[in-house]
Amino acid sequence: MSTLHDSGTGSTDNGGTRTAHANSPTRLPDPLARFRQTVADAPGRLAVVDGTARVDFAELDRRTALVAARLRARGVAPGHRVGVSLPRSAGLLVALLAVWRAGAAYVPLDPAHPQDRLASMVKQAGVRIVLTDPEAGTAWPAGVETLSLNDADAWRSTAEGLAGFIGVAPADPAYVIFTSGSTGTPKGVQTTRGGVASLITGLELAGAYDTNPRVVAWNASISFDASVQQWARVCRGDTIVIVGETERTDPARLRELLDTHAVDDLDLTPSHWEFLRDSLLTPTADGRILRLFMGGEPVPPATWQELAAARRRGELEAVNLYGPTECTVDATTAWIEGDAPHIGRPLPGVVARVLGEDLTELPDGTEGELYLSGPGLAHGYVGRAALTAQRFVADPSARGERMYRTGDKVRRLPDGTLAYLGRTDRQIKIRGYRVEPGEIEHTLTGHPDIRSATVTVHHDAEAGDRLVAYYVPADGASPGPDALREHLAAALPPYMVPTAYVPLDAMPLTVNGKTDLAALPEPLDAVLPDGHIAPEGEAETLIAEVWAEVLGRERVGADDDFFALGGHSLLALRVVARLKKRMGVTMRVKDVYQHPSLRALAHHVGTLTG
Amino acid sequence: MTTSPGAANPGVPSTPTWHLAEGKPATTDVPPFDTLDEACAWLSGLGTELRDRLHEHGALYFRGLPVRSVEDFARVRDVLVPRRTPYREKATPRSSFGDDVYSSTDLPPSQAIRMHNENSYTLTFPGLLLFACLTAPAEGGATPVADCREVLRRLPAGLVERMRAHGWALTRHYSEHISVSWQNAFATTDRAEVEQYCADHLVSCAWGDDGTLRTAQLRPGIVRHPGTGDEVWFNHLAFWSSWSLDDELREALTDEFGPDGLPFETAFADGLPFTREELDLVNAAYEAATVRHTWQTGDLLLVDNILTSHGRDPFRGDRKIVVAMGSPVDLADCSPTVAPAAQVRRAAA
């Protein structure tokens, strides 16, 4: 059997079998060992920029030591899991490094998630301590201790003698990130310190991380594992620039931030590129070439070609990154060049196999499922042994090793790169978020008025992708969309709540008795008395309310145009002001002009809040 | 009622009677004319009577003229306001109906427009404004006027003294989507032409790197009418103060442009800010001097732009009010208490 995998820089042995560094005995340096080295080599280098605050490596080391000491004083040790619930900031960077410094793994706990979901995550991950801002007002389950970073004096008093670095093994856990689970409960993927070390080294060897220290924008939520490839770069001596929510969602301000701090590297999802294109295609004043790290969802052909053309013109360079959370952020990488999108080659250290249903190797050019192995492989799902065994299977080619079954369909192209062809299961990506429809369906059927439910993603050219829930009501019941939406919002994060709800008399079934997804009707938009389409979902409904208010109209349709209804710049300002107040979304008047239809504006708001 | 010996039509009184009712502008019910020609002949036969009454009352309201179209209005305008002025340094969206006739404003119905003297911020401004109602709105929409001699009398002495001593400052920030663009305001796409205009008209200007334009100018806010010698409150201080915006709009604009980047901002030119409390005092003075009529189709309002400020009430329904401006007056002929200047001292925040 030939083992297909490897990066372009990897070795090829004589037998035609491309071998990776997967089982290489060489131990990669732990991220914190590299951090310690950076502190020693360049204590005065800028480590993190957060607004007007600038912290050098010596200071970051000092602050991290204090927090780590406090954690150790509380009994935190290798193998433990510490919750982190803080906004993106220099303080968050201190918290994450400190958890690692104490030898433990961090668990991102986004306060925007519903209470029940947070409680479930805390319970599953066995979190007893949460680093948070007590002012944020999140209610944590009983027995959870919260620690504030701001309590500087308390930190200092325990710092003596505990400031050192705790030795960890590559197999010690690094973080637990929760993703959607098909059985109705989010599942926590536990990765390892060795996996993070392998990620950093892999990206360096692949050339995605530059040899020299760079200035890196940190714009991803820590609930997203893409954040790891941003913030953890501080360990190798890069400077991290915090991108606040305002800058993240405002192209002009983001651009200003990038230029002010001479940022070199920026992560984006392809959806986000649509929004930032104009701003990012403007050449930099200082002549530096911005490098974009595209990830989270497949790069559409048009975007690929656009980025490739920009690279040819020398305006920017872009790298496509692919990888499931279960394999520590990234598994394959490709420079965005040429005509057609692909996910490139495995990172050094990663073994990628294209297998058939019987786990046999498929010839190049054949469509199969992608299996990944190497030091980046996660431990599995915390507290979910059966599920872990299902997805992390024994590698038939290597005794004692495991491989992760990605559920991604791929084909190896003649040049050895991999083309992404979609999912083998029903997992979907919505605005970069990985969603299991099963989890939404499970929650939906928990409503007493629902007998059965199916959730799919519907592609709409204008409004973008949206989730559609099909349901068969219980006998005699006729639940309305608002009630269902409310029920789901109480249990699921906002991006998992469908926008459209379609009642059915019965689910269409295939001959095998499974739900026939292809036979589900197109979601028909409810039509208003004036012939316009009724707004759907939280964002559209709220925006429609605001438009109706400022335009002095009784109702507004999803297909209405703000300016055709008499909107103008001052009213657009009022829209911006009211949406800021009610949805917490920061927009500029320009956004209202660029998205004149209600549905387009709602979709845009979705990209800002997603 | 008297009859003029020289009247063309012996059956028609040549001198109108002016009714002065509480809260109303000086108003005359126009004798019934069959044709616009007859009406125009009557108006032109009034001679200095109209000028004298206008100096006395500041604004004159004609009810019952056979004016139904833009063309009709242009003919009456040619009689009453023979010397036209173009609309410069535009500050409000207007539609041009041709022949120097404009919509009074295209701002939306629900928005009230505060009291102001047209172009008080330019070095030359129209001496006369003529409004006519071609379509009366279902509700509201009057063009209120206030005698600015009265406004000046009603203002606290402290405010009057500050204005007399220092004048007022206007800063404008032209950007893509808000209010009037610089291209529209200056009727050119050529930056050099804008710079030339500003240099010629005592306006300082600076371009932003994002294609925006910021201008500033210092103007006297109290002037004398060149014909009557009356002293008047003549400025846009209250009109464009950010305190005149409701809180939501002021905060949204500040979010969008920053506190120094508002589309319009005013201050006393003594470098001290114009406060919300001071705005209330100025508005109270305007309010006490304000009179108005509900528009009826065919109504005409002749305004002496120096003696009288005007505004617009919010309205509902269709409304078509047209306006023409004329008889330009130079600021230099109005005995300004401070010299106009391009540079303004920056108001303390």
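Residues numbered from 1 in each chain as written. Chains lettered and ligands numbered in written order. Predicted model: local features only at pLDDT ≥ 70, side-chain atom pairs only at ≥ 80, totals over all residues. Heavy atoms only, no water.

1. Re the overall build of chain B
No. 1: Looking only at helices and strands, one finds 9 helices and 19 strands in chain B.
No. 2: Put simply, chain B has 349 residues, and 54% of those count as buried.
No. 3: In chain B, 81% of the contacts between residues at least 6 apart in sequence involve partners at least 24 apart.
No. 4: Taken as a whole, chain B presents about 14800 Å² of accessible surface, with 50% of it coming from carbon and sulfur. (Helix = DSSP H or I, 4+ residues; strand = E, 2+ residues; numbered from the N terminus. Buried < 20%, exposed > 50% of the residue type's maximum accessible area, 1.4 Å probe, protein only. Contact = heavy atoms within 4.5 Å. Areas by Shrake-Rupley, 256 points an atom, 1.4 Å probe, with all protein chains shown as cover.)

2. Describing the overall build of chain A
No. 1: A tally of helices and strands in chain A yields 18 helices and 26 strands.
No. 2: Taking 25 Å as the expected radius of gyration for a compact globule of 610 residues, we find that chain A reaches 25 Å, a close match to that expectation.
No. 3: Dimensions of chain A, computed from C-alpha atoms along their principal axes, come out at roughly 70 × 60 × 55 Å.
No. 4: Burial analysis of chain A (610 residues in total) assigns 57% to the buried set.
No. 5: Of the contacts formed within chain A by residues at least 6 apart in sequence, a portion of 64% connects residues at least 24 apart. (Rg over C-alpha atoms; globule rule 2.2 N^0.38 Å.)

3. Some words on the interface of chain A and chain B
No. 1: Across the boundary between the two partners, chain A contributes 14 residues, which contact 12 residues of chain B.
No. 2: Taken together, the two surfaces of chain A and chain B that pack against each other cover about 1300 Å², and 53% of this comes from carbon and sulfur.
No. 3: On the chain A side of the contact with chain B, Leu570, Leu573 and Arg574 of chain A bury the most area, a combined 38% of that side's loss.
No. 4: For the interface between chain A and chain B, the tally reads 5 salt bridges.
No. 5: Glu248 of chain B serves as the salt-bridge partner of Arg574 of chain A, at 3.3 Å between the closest nitrogen and oxygen.
No. 6: In the side of chain A that touches chain B, the residues fall into 6 nonpolar, 2 polar and 6 charged. (Buried area = accessible area lost by both parts, 1.4 Å probe. Salt bridge = Lys/Arg side-chain N within 4 Å of Asp/Glu carboxyl O. Nonpolar A, V, L, I, M, F, W, Y, C, P; charged D, E, K, R; others polar.)

4. Some remarks on the pattern of salt bridges
No. 1: Enumeration over the complete set of coordinates arrives at 58 salt bridges over all chains.
No. 2: When the shortest N-O distance is used, the salt bridge between Asp265 of chain A and Arg214 of chain A registers 2.6 Å. Here the residue Asp265 of chain A occupies a position in strand 11 (residues 265–268), and Arg214 of chain A occupies one in the loop between helix 6 (193–205) and strand 9 (215–218), the gap between them amounting to 51 residues. Assigned by exposure class, Asp265 of chain A and Arg214 of chain A land together as buried.
No. 3: Here Arg153 of chain B makes a salt bridge to Glu150 of chain B, at a shortest N to O gap of 2.9 Å. Residue Arg153 of chain B and its partner Glu150 of chain B are located together in helix 4 (residues 148–154), separated by 3 residues, close to a single helical turn.

5. A word on the sheet that holds strand 5 (residues 113–116) of chain B
All names here are of chain B.
No. 1: Ordered in space as 5-17-8-15, the 4 strands form an open sheet in which the pairing is antiparallel. Edge positions in the sheet fall to strand 5 and strand 15 (290–291), since each has one partner strand and no second.
No. 2: Summarising the sheet, strand 8 (residues 145–147) and strand 15 pair through 2 bridges and their orientation is antiparallel. Across the sheet, residue Val145 finds its bridge partner in strand 15, namely Val291. (Pairing = 2+ DSSP bridges.)

6. Here's the deal with the domain arrangement of chain B
All names here are of chain B.
No. 1: For chain B, the assigned domains read domain 1 (26–150 + 291–334) and domain 2 (161–284).
No. 2: Summarising the inter-unit geometry, the C-alpha centres of domain 1 and domain 2 are found 24 Å apart.
No. 3: Taken together, the 29 residues of domain 1 in the interface contact 34 residues of domain 2.
No. 4: Taking both partners together, domain 1 and domain 2 bury about 2600 Å²; carbon and sulfur atoms supply 62% of that area.
No. 5: Inspection of the region where domain 1 meets domain 2 yields 1 salt bridge.
No. 6: Across the pair Arg149 and Asp230 runs a salt bridge whose closest N-O atoms are separated by 2.7 Å.
No. 7: Put simply, domain 1 and domain 2 have 8 residue pairs in polar contact (both at pLDDT 80 or more) between them.
No. 8: For the side of domain 1 that touches domain 2, the elements supplying multiple residues, two or more each, are strand 5 and helix 4.
No. 9: Residue classes in the side of domain 1 that touches domain 2 are distributed as 13 nonpolar, 8 polar and 8 charged. (Domains from an automatic or database assignment. Polar contact = N/O pair within 3.5 Å; in protein donor to acceptor, adjacent residues only side chain to side chain.)

7. Digging into the environment of Glu436 of chain A
Residues and elements named next belong to chain A.
No. 1: Structurally, Glu436 can be placed in the loop between strand 23 (433–435) and helix 13 (437–445).
No. 2: Taking relative accessible area as the criterion, Glu436 reaches 8% and is therefore assigned buried.
No. 3: Taking C-alpha positions, Glu436 is 31 Å from Glu545, a pair spaced 109 residues apart along the chain.
No. 4: Contact partners of Glu436, with chain neighbours within four places excluded, come to Ser180, Gly181, Ser182, Lys187 and Gln427.
No. 5: Separated by 3.4 Å, the side chains of Glu436 and Gln427 make a polar contact.

8. What to know about the environment of Ala267 of chain B
No. 1: If you trace the backbone, Ala267 of chain B turns up in strand 14 (residues 264–268).
No. 2: With 31 residues separating them along the chain, Ala267 of chain B and His236 of chain B place their C-alpha atoms 9.9 Å apart.

9. Regarding the packing of aromatic side chains
All names here are of chain A.
No. 1: Tallying each qualifying case throughout the model produces 25 aromatic pairs over all chains.
No. 2: With a centroid separation of 6.1 Å and 40° between ring planes, the pair formed by Trp100 and Tyr106 is classed as tilted. Tyr106 carries the same exposure label as Trp100, and that label is buried.
No. 3: Taken together, Trp100, Tyr106, Tyr175 and Trp231 form an aromatic cluster joined through their ring pairs. (Phe/Tyr/Trp six-rings, centres within 6.5 Å; stacked < 30°, edge-to-face > 60°.)

10. Quick word on helix 10 (residues 270–280) of chain A
No. 1: Among the 11 residues of helix 10 of chain A, 8 are classified as buried, and the element is accordingly described as predominantly covered.
No. 2: Listed as buried for helix 10 of chain A are Pro270, His272, Trp273, Phe275, Leu276, Arg277, Ser279 and Leu280 of chain A.

11. Re the environment of Gly537 of chain A
All names here are of chain A.
No. 1: Mapped onto the secondary structure, Gly537 falls in helix 15 (residues 537–551).
No. 2: Here the alpha-carbon distance between Gly537 and Pro498, two residues 39 residues apart in the chain, equals 7.3 Å.
No. 3: Beyond its immediate chain neighbours, meaning those up to four positions away, Gly537 contacts Arg485 and Thr499.

12. A few points about the pairing of strand 16 (residues 351–355) of chain A
Residues and elements named next belong to chain A.
No. 1: Counting buried residues along strand 16, 5 of its 5 residues qualify, which places the element largely inside the surrounding structure.
No. 2: The two faces of strand 16 match: Val351, Arg353 and Leu355 on one face and Ala352 and Val354 on the other face are all buried.
No. 3: Relative to strand 17 (residues 368–373), strand 16 runs antiparallel, the two sharing 5 bridges. By the bridge assignment, Arg353 is partnered in strand 17 with Tyr371.

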